[in-house]
Amino acid sequence: QVHLVESGGGLVQAGGSLRLSCAASGRTFNYYAMGWFRQTPGQEREFVAAISWNGANTYYSDSVKGRFTISRDNAKNTMYLHMNSLKPEDTAVYYCARYKYSTGMSYLNVDYDCWGQGTQVTVSS
């Protein structure tokens, strides 16, 4: 089992940047793809980005492509989400999650089995 803790959220003006971190405990972090999702009140949890176990492959939703960058440092058991050119519609609680299968990665939240508690990102206009 892996325990995930997000940090780095906060309040930022439109056009600004933030970097989210996801710290993982447990030795299985290095072997699995990971993902970032976000959720606003009353909405389904939405896929943001995913990264393969070794960082070689990444996948983004169309809404963040070109503005957000996902990365990971397996030596530090940490994943990151660098968010640039933030927009008010990026306001949400951001969650990191571990992909449940040993190969591949996915944009479907049902394919992830361990979730952090979330960190709030608020973008003011």
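Notes on the structure in this doc start here. This structure is a prediction, so every number in the text was calculated from the model and none was measured.

What follows is about the overall build of the protein. Summing up its helical and strand segments, the protein has zero helices and eleven strands in all. From first element to last, N terminus to C terminus, the protein shows the α and β order β-β-β-β-β-β-β-β-β-β-β. Scaling as 2.2 N^0.38, a compact globule of 125 residues should have a C-alpha radius of gyration of about 14 Å, and the protein matches this with 13 Å. Principal-axis analysis of the C-alpha atoms places the extent of the protein at approximately 40 × 30 × 25 Å. The 125 residues of the protein split such that 44% are buried.

If you trace the backbone, Arg72 turns up in strand β7 (residues 68–73). For the buried Arg72, no salt bridge exists, and the shortest N-O distance to an oppositely charged side chain is 8.3 Å, to Asp73. A polar contact of 2.8 Å, which involves the side chain of Arg72, links it to the backbone oxygen of Phe29. Among the polar contacts listed, one links the side chain of Arg72 to the backbone oxygen of Ser52, at a separation of 2.9 Å.

Rules behind the numbers
- Residues numbered from 1 in each chain as written.
- Predicted model: local features only at pLDDT ≥ 70, side-chain atom pairs only at ≥ 80, totals over all residues.
- Heavy atoms only, no water.
- Helix = DSSP H or I, 4+ residues; strand = E, 2+ residues; numbered from the N terminus.
- Rg over C-alpha atoms; globule rule 2.2 N^0.38 Å.
- Buried < 20%, exposed > 50% of the residue type's maximum accessible area, 1.4 Å probe, protein only.
- Lys, Arg positive; Asp, Glu negative; His and termini not counted.
- Salt bridge = Lys/Arg side-chain N within 4 Å of Asp/Glu carboxyl O.
- Polar contact = N/O pair within 3.5 Å; in protein donor to acceptor, adjacent residues only side chain to side chain.

These values are about where atoms sit, not about what they do.
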